Amino acid sequence: MNRSGADRAMTDPYGRTVRSLRMSVTNRCNLNCIYCHKEGDPGSGGEMSVGTIVNIVRAAADLGIDRLKISGGEPLLRNDLEEILAALPPLRDVSLTTNGVFLKERAQSLKKAGLDRVNISLDTLDPAKSRMITNSKKDVLGDVLAGIEEAVRAGLTPVKLNMVLLKGLNETEIEDMITFTRKFNGDVILQLIELMDFKNVAYLHVNADEVEDALLTRATDVKVRQLHHRKKYMINGAEVEFVRPVDNTEFCANCNRLRVTADGKLKPCLLVNDNLVDVSDAGPEELPALLKLAVSRRVPFYTKGRKHNGSRTDS
Ligand code: SAM
């Protein structure tokens, strides 16, 4: 019997079905954001070939994974991204997260190669703060804003703007960001992200309850996404999604993702590095068993009654 990928979906020991792959394609980045977790990638510096990437995604798709998010490092530093996209099997959703600096030149070709949509990091609309957050001497904000406009024009929608909330830096800019997204008539969504402390930046952590309560009082509608049970608030024609990964048992209980590091290791959890499964040299015939092995190692990082139950990465 020819069974579909959905029939063969992988479920981990905690009953969580794995539906999406978050794949880093490089650890290199043109920016050096003060808080960046680098996808929790311990990183050998190696990068997968187009063939390796495509084989992994194909095997994952056969096992019911129908969503792919490409990340990094900065994925647009790979000149062969269009080649990768064009070689992928059909998936329900292929998205990319980028700092947007090089997006203006690539948006049309990425769309043509098969990319569905983009997330773009935009923590601030203030050029001086942008330089400070990204640790960049060059003013990149103008390029990022041009990238957002071109992404909308290219139909890489909905474009999600990733805004990591940073105490004393951008927490007072939420309203300006909502106003900014409204200009795009529904094509742009604001995604607020609670800061995870990977770089001794706990002092920048913003109280997510307070922000969420304020959104709730203004929202005309609230939806709950399946992934991580993230909430989406509708505020006068703007959509605001809130990602709360910190000390959040509900987030982990509803996590349906498997990660892949830039050098080709399956990574069951952002916050754990001692359970990776190396697939960098695996052929198509070995990949299904290795994917299942990685899924069998998935453990919710935050569980009820405990702060965490895994070894914390220090990357
Ligand atoms: N360079 C690309 C970019 O800027 O989107 C891809 C890599 S970056 C690690 C992917 C996303 O991770 C960024 O949009 C940022 O919002 C998020 N991120 C990075 N470090 C984080 C942290 N410490 N806490 C929460 N989110 C973080």
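Residues numbered from 1 in each chain as written. Predicted model: local features only at pLDDT ≥ 70, side-chain atom pairs only at ≥ 80, totals over all residues. Heavy atoms only, no water.

Draft legend 1. Structural detail: the overall build of the protein chain. Summing up its helical and strand segments, the protein chain has nine helices and 12 strands in all. For 315 residues, the compact-globule estimate of 2.2 N^0.38 gives 20 Å, and the protein chain sits close to it at 19 Å. Considering only C-alpha atoms, the protein chain reaches an extent of 55 × 50 × 35 Å along its principal axes. Contacts spanning at least 24 positions in sequence make up 70% of the contacts within the protein chain whose residues lie at least 6 apart. By element, 49% of the accessible surface of the protein chain is carried by carbon and sulfur atoms, the whole surface being about 13900 Å². One way to put it: in the protein chain the 45 positive side-chain charges average out to a point 2 Å from where the 43 negative ones average out. (Helix = DSSP H or I, 4+ residues; strand = E, 2+ residues; numbered from the N terminus. Rg over C-alpha atoms; globule rule 2.2 N^0.38 Å. Contact = heavy atoms within 4.5 Å. Areas by Shrake-Rupley, 256 points an atom, 1.4 Å probe, with all protein chains shown as cover. Lys, Arg positive; Asp, Glu negative; His and termini not counted. Charge placed at Lys NZ, Arg CZ, Asp CG, Glu CD.)

Draft legend 2. Summary view of the pairing of strand 10 (residues 257–260). Covered by surrounding structure in strand 10 are Arg257 and Arg259 together with Leu258 and Val260, the residues of both alternating faces. Where strand 1 (residues 20–24) meets strand 10, four bridges bridge the pair, whose relative direction is parallel. Opposite Leu21, over in strand 10, you have Leu258 as the bridge partner. Here strand 10 pairs with strand 11 (residues 265–267) via two bridges, running antiparallel. Bridge assignment links Val260 to a residue of strand 11, and that residue is Leu266. What sits between strand 10 and strand 11 in their antiparallel hairpin is a turn of four residues, with Gly264 showing a positive phi close to 90 degrees. (Buried < 20%, exposed > 50% of the residue type's maximum accessible area, 1.4 Å probe, protein only. Pairing = 2+ DSSP bridges.)

Draft legend 3. Focus on the pairing of strand 8 (residues 231–235). Of all five residues in strand 8, four are buried; the element is thus mostly enclosed. When strand 7 (residues 221–224) meets strand 8, the two strands line up antiparallel, connected through four bridges. Along strand 8, the bridge assignment pairs Val224 with Lys231. Hairpin remark: strand 7 followed by strand 8, antiparallel, with six residues in the connecting loop; positive phi at His228, about 60 degrees. Here five bridges tie strand 8 to strand 9 (residues 238–243), and the two strands are oriented antiparallel to one another.

Draft legend 4. Structural context of the pattern of salt bridges. Evaluated as defined, the whole model comprises 24 salt bridges. With a shortest N-O distance of 4.0 Å, Glu47 and Arg78 are connected by a salt bridge. Within this pair, whereas Glu47 is found in the loop between strand 1 and helix 1 (50–62), its partner Arg78 is found in the loop between strand 2 (67–71) and helix 2 (81–87), the two being separated by 31 residues in sequence. In this structure, the salt-bridge partner of Glu241 is Arg230, at a minimum N-O distance of 3.3 Å. One end of the pair, Glu241, is in strand 9; the other, Arg230, is in the loop between strand 7 and strand 8, and 11 residues separate them in sequence. Relative accessible area serves as the criterion here: at 8%, Arg230 is assigned to the buried category. (Salt bridge = Lys/Arg side-chain N within 4 Å of Asp/Glu carboxyl O.)

Draft legend 5. Up close: the sheet that holds strand 3 (residues 93–98). The 12 strands are arranged 7-8-9-6-5-4-3-2-1-10-11-12 in an open sheet whose pairing can be described as mixed. Edge positions in the sheet fall to strand 7 and strand 12 (277–278), since each has one partner strand and no second. In this sheet, strand 5 (residues 159–164) lies alongside strand 4 (residues 117–121) in parallel orientation, the contact comprising three bridges. Counted as the bridge partner of Ile120 is Leu161 from strand 5. Across the sheet, helix 7 (residues 208–218) lies against strand 6 (188–193), strand 7, strand 8 and strand 9, angled at about 45 degrees from strand 8, the strand it touches most. (Axes fitted to C-alpha atoms, helices over the stretch in contact; angles between N-to-C directions.)

Draft legend 6. Spatial organisation of helix 7. Of all the residues in helix 7, the buried ones are Ala208, Val211, Glu212 and Leu215. Down the axis of helix 7, the buried set is contained in an arc of 95 degrees. They therefore lie on one face. Along helix 7, exposed side chains directed more than 90 degrees from the buried face belong to Glu210 and Thr217. Considering only its buried residues, helix 7 is in contact with helix 6 (174–182), strand 6, strand 8 and strand 9. The N-cap of helix 7, judged by a side-chain oxygen 2.9 Å from the amide nitrogen of Asp209 a few residues on, is Asn207. (Arc of directions from axis to C-beta. Polar contact = N/O pair within 3.5 Å; in protein donor to acceptor, adjacent residues only side chain to side chain.)

Draft legend 7. Structural context of the nonpolar core. Leu21, Met23, Leu68, Val118, Ile120, Leu161 and Leu192 are the most contacted members of the largest nonpolar core, which totals 76 residues. When residues of this core are assigned to their parent elements, the largest contribution, eight residues, is made by helix 1. Setting aside chain neighbours within four positions, we find Leu21 in contact with Ile56, Val57, Ala60, Ile65, Arg67, Leu68, Lys69, Leu258 and Val260. Ranked by size, the runner-up nonpolar core spans 21 residues in total, among them Cys33, Ile133, Val164 and Phe198. (Core = buried A, V, L, I, M, F, W, Y, C linked by side-chain atoms within 4.5 Å.)

Draft legend 8. Up close: the environment of Val272. On the secondary structure map, Val272 appears in the loop between strand 11 and strand 12. Given the relative accessible area of 9%, Val272 is considered buried.

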